[in-house]
Structure formats: structure tokens, C-alpha cells
2 protein chains.
Amino acid sequence: MKLLEERIRRDGIIREGDVLKVDSFLNHQMDIDLFQEMGKEFYRLFGEENVTKILTIESSGIGIACVAAEYFHCPVLFAKKSKTKNIAGDVYRTKVMSFTHGREYDVIVSRDFLKAEDRVLLIDDFLANGAALLGLKDLVDQSGATPVGAGIAVEKAFQPGGKRLRDAGMRVESLAKVAALHDDGTVDFC
Amino acid sequence: MKLLEERIRRDGIIREGDVLKVDSFLNHQMDIDLFQEMGKEFYRLFGEENVTKILTIESSGIGIACVAAEYFHCPVLFAKKSKTKNIAGDVYRTKVMSFTHGREYDVIVSRDFLKAEDRVLLIDDFLANGAALLGLKDLVDQSGATPVGAGIAVEKAFQPGGKRLRDAGMRVESLAKVAALHDDGTVDFC
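The shown structure was predicted, so the numbers you read here are calculated from the model rather than taken from an experiment.

What counts as what
- Residues numbered from 1 in each chain as written.
- Chains lettered and ligands numbered in written order.
- Predicted model: local features only at pLDDT ≥ 70, side-chain atom pairs only at ≥ 80, totals over all residues.
- Heavy atoms only, no water.
- Helix = DSSP H or I, 4+ residues; strand = E, 2+ residues; numbered from the N terminus.
- Rg over C-alpha atoms; globule rule 2.2 N^0.38 Å.
- Buried < 20%, exposed > 50% of the residue type's maximum accessible area, 1.4 Å probe, protein only.
- Contact = heavy atoms within 4.5 Å.
- Areas by Shrake-Rupley, 256 points an atom, 1.4 Å probe, with all protein chains shown as cover.
- Lys, Arg positive; Asp, Glu negative; His and termini not counted.
- Charge placed at Lys NZ, Arg CZ, Asp CG, Glu CD.
- Arc of directions from axis to C-beta.
- Pairing = 2+ DSSP bridges.
- Right-handed = clockwise from strand over helix to strand, strands pointing away.
- Patch = residues over 30% accessible without salt bridge, like charges linked within 9 Å, V, L, I, M, F, W, Y side chains within 5 Å.
- Salt bridge = Lys/Arg side-chain N within 4 Å of Asp/Glu carboxyl O.
- Least-squares fit on C-alpha atoms with pLDDT ≥ 70 in both.
- Buried area = accessible area lost by both parts, 1.4 Å probe.
- Nonpolar A, V, L, I, M, F, W, Y, C, P; charged D, E, K, R; others polar.

With that settled, consider the overall build of chain A. A count of helices and strands for chain A gives 5 helices and 11 strands. Computed over its C-alpha atoms, the radius of gyration of chain A comes to 16 Å, within 12% of the 16 Å expected for a compact globule of 190 residues. Seen along its three principal axes, the alpha-carbon backbone of chain A occupies a region of about 50 × 35 × 30 Å. By residue count, 56% of the 190 residues in chain A fall in the buried class. Taking the intrachain contacts of chain A between residues at least 6 apart in sequence as the baseline, contacts between residues at least 24 apart amount to 59%. For chain A, the accessible area works out to roughly 8200 Å², and carbon and sulfur atoms hold 46% of it. Here chain A contributes 26 positive and 30 negative side-chain charges, whose respective centroids are spaced 4 Å apart.

So this is what it looks like as C-alpha cells:
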């Protein structure tokens, strides 16, 4: 998606360790006009999939998912990072490794909101190692619902997440696929 | 706002300790059609305020804020719960007591995205004790920007947050003001 690539070139900031900061428009301050264009594109890609629910993970996927949902006319569900050892059987639960924070989280969704008949589109802002997306897929699999695919804003294609998800049978559509980040501040797209 | 009150009456669940669960449509699973109607109402209330930025706090305010921003045509900024003792001077920082989790959080926003010339609308899903909203107001005050008001989905009017915010000089507009929650599952609105 040209619009997102151009925005990354213009406003993305590259930091040591292959970090791409997009917090001026994507995951801290959020450009809602851009999100609408992204939502339209997700709908162009997945509109025929009869999506009944969009699933994302707190926090930075929520805005993108909610704006996209206006095109799909379906609810959004966000998986929560759980701080409590909830042993009640009312949630689906999985573990997600956060490379940013160097620790593992329990991630949960209520069983009430994922049903076997659901067709679920996963949406997130970033795909790098794939831990979050594989966790979301696991939650969907536990419920018996159908994961129709993953809509990603920015995929770091030089990290293994995309391959992992695709090898797990997921259709992955990334609006911007970063091939390389350079020290001089330039970005190559696939 | 009748639509939200009716939805709370229909789908809200009352739990011991004056807990009102609205996670089937507001803060876990999110009804985006409802959020659009809420966004329109926020715009009707605050549309003349020349809002340049909407500020919310992760996680459950983000969806409401992003959909509302489509009517205001302005970016959304979300304050982050900080896990790290970041001593760099690049963020505004405040403390917020979470009554749900029984602990205090550091909450931050980047200084890059709140400027003295900004006119900031605060949006959140719930107003009960007011800790989160007062924290957001503190962040805005630190930046020198103007807090034009707070748009709340559900205010628990029998808790002190609304009075605290209004006493601090904030204009507070709540789409549903809960006067009382009863053991038989009924809800009174103001």
C-alpha cells in the first residue's frame, strides 16, 4: 500500500537494532485518516471472506482494528494481557513472548465472544517475530472458529514472523513489507 | 444518550461491589456501529471546541477514541502504562491509581505529540473514581495544552470521579450516567 509506505519513508524513524519507530502516526499518536485508508484496503483484501469478528491484541492494534471494522460491519474483540492467574474456565488463554519487554505474557479472551461458527480476521500493527499473531491464532483455534487470515500494517519481512504464520497455514496480508532498514535512515520495501 | 442506556439495560451485567460489566459491547468485545453513534454524539457536544487532538489511555478507551476521531478529523494519542523507569526527558509522566488492579501505574505520553497550542478532548470508556481522567488532565496541563473537556461513555455517578473532574474545572459529558446498580440486575440512570 503506497500511502503507508510513503508515510513510513517520511515519518518513520530508524533506531539501533532494526527498530522502526512509527509512533507519530501508527502506534502512539494515530492518524485516523490513514487508518480509514488502511481499513478500506483490508476490506478489499478480505471483504469476500464473510468475516464475523476482528480479533486484535492490546494495545496498539485496537485503533486499526476498530476503524477497519467499520468496513466489515462486525465487532472487534481484543485479547487482553492477563495479570491475574484466573483459573476460571471462562476464557481462552495462551502465552505470548514479548521481545520488547523480554518476558512472557498470558493473553486471554472471553469464551463468550469467540464461537465455532465465527470467521475471524486477525489485525495487528506489526508483524516481526510473529509471537502475538501466533498467540491470537491459537485463541481462535481453541474456540473452533475459522481464522480467515491476518491483516498487518507493517511486516518486518527480514524477521521470521511472516514465514512462521504462513507456514502455519495463515493467509497474511501486510500493507507495508519492510525488506531492510538502513543506518542512513532509508527503508527498503519488498 | 438513549441508545447507550438501552444497550446497558439489555446487555450490561451487574456484579457484586457495584461492578457493571459491559464487555460484550464496550470494552472487550466492541460494537463499532454503537461506537459510531457515540462518536457522532461526542462531536455534537464538542464539535465547536476546535479539538486538535483526542487523548485517551490504554486499552479500552482506544477504540471509542479512534472512531470518535473520524468525526473530529484529528489524531488520537493514547497514554501508555509504563513498565520501565524511563528517566529520559522525552515524555510527560503522571501516576494513576488503578482500583481494579490495586496498584499505581506510571502513565506517559511523548512530549512530541502534545503541544501548548493543542486543544485536547479526553475520551474514556468509564468514569468512576476519576483517577485515569485526572491523570490525563495532568499530562495535558504539563504540556501547556488546553483540555477542552472529557467525553465519557459510562459515568458511575454514585462514585466521586465526576465531581472531582468537574471541581477541577473540566467540562464532563457522559453519554450514560448510572445513578444506581441494583442486585436484581436493574440499572437506574440519572
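Residue and element names in this part refer to chain B. Residues of helix α1 (residues 2-11) that are buried: Leu4, Glu5, Arg7 and Ile8. Take α1 and look down its axis: the buried residues cluster within an arc of 160°, on one side only. Among the exposed residues of α1, those oriented more than 90 degrees off its buried face are Lys2 and Arg10. The elements touched by buried residues of α1 are β2 (19-21), α2 (32-46), β9 (146-156), β10 (172-181) and β11 (187-189).

This part covers the pairing of strand β4 (residues 53-57) of chain A. Residue and element names in this part refer to chain A. Most of β4 is tucked away: 5 of the 5 residues are buried. Summarising the sheet, β4 and strand β8 (residues 119-127) pair through 3 bridges and their orientation is parallel. Pairing of Leu55 across the sheet is with Leu122, part of β8. With respect to chirality, the unit in which β4 leads through helix α3 (residues 62-72) into the neighbouring parallel strand β5 (residues 76-82) is right-handed.

Residue and element names in this part refer to chain A. Residues Glu16, Asp18, Asp183 and Asp184 make up a contiguous surface patch of negative charge. Relative to the helices and strands, Asp18 resides in the loop between β1 (13-15) and β2 (19-21). Overall, Asp18 belongs to the partly exposed group, its relative accessible area being 35%.

Let's shift gears to the relation of the copies chain A and chain B. Put simply, the second copy of the chain is the first one after a rotation about an axis and a shift along it. Of the transformation placing chain A onto chain B, the axial shift is 0.0 Å and the rotation is 180°, giving an RMSD of 0.0 Å. Put plainly, the chains are arranged around a two-fold axis. Comparing interface residues between copies, 100% of those in chain A also lie at the interface in chain B; the contact surface is shared.

Turning to the interface of chain A and chain B, a few remarks are in order. On the side of chain B, 33 residues touch chain A, which itself brings 33 residues to the contact. In total, chain A and chain B occlude about 2700 Å² of area from one another, counting both sides; carbon and sulfur atoms represent 61% of this. Contributing elements (two or more residues each) for the side of chain A that touches chain B: β3 (29-30), α2 (32-46), α3, β5 and β7 (103-110) of chain A. In terms of residue count, α3 of chain A provides more of the side of chain A that touches chain B than any other element does, 6 residues in total. Here the residues of the side of chain A that touches chain B sort into 15 nonpolar, 11 polar and 7 charged. Here β3 of chain A pairs with strand β5 (residues 76-82) of chain B via 2 bridges, running antiparallel. Across the sheet, residue Met30 of chain A finds its bridge partner in β5 of chain B, namely Val76 of chain B.

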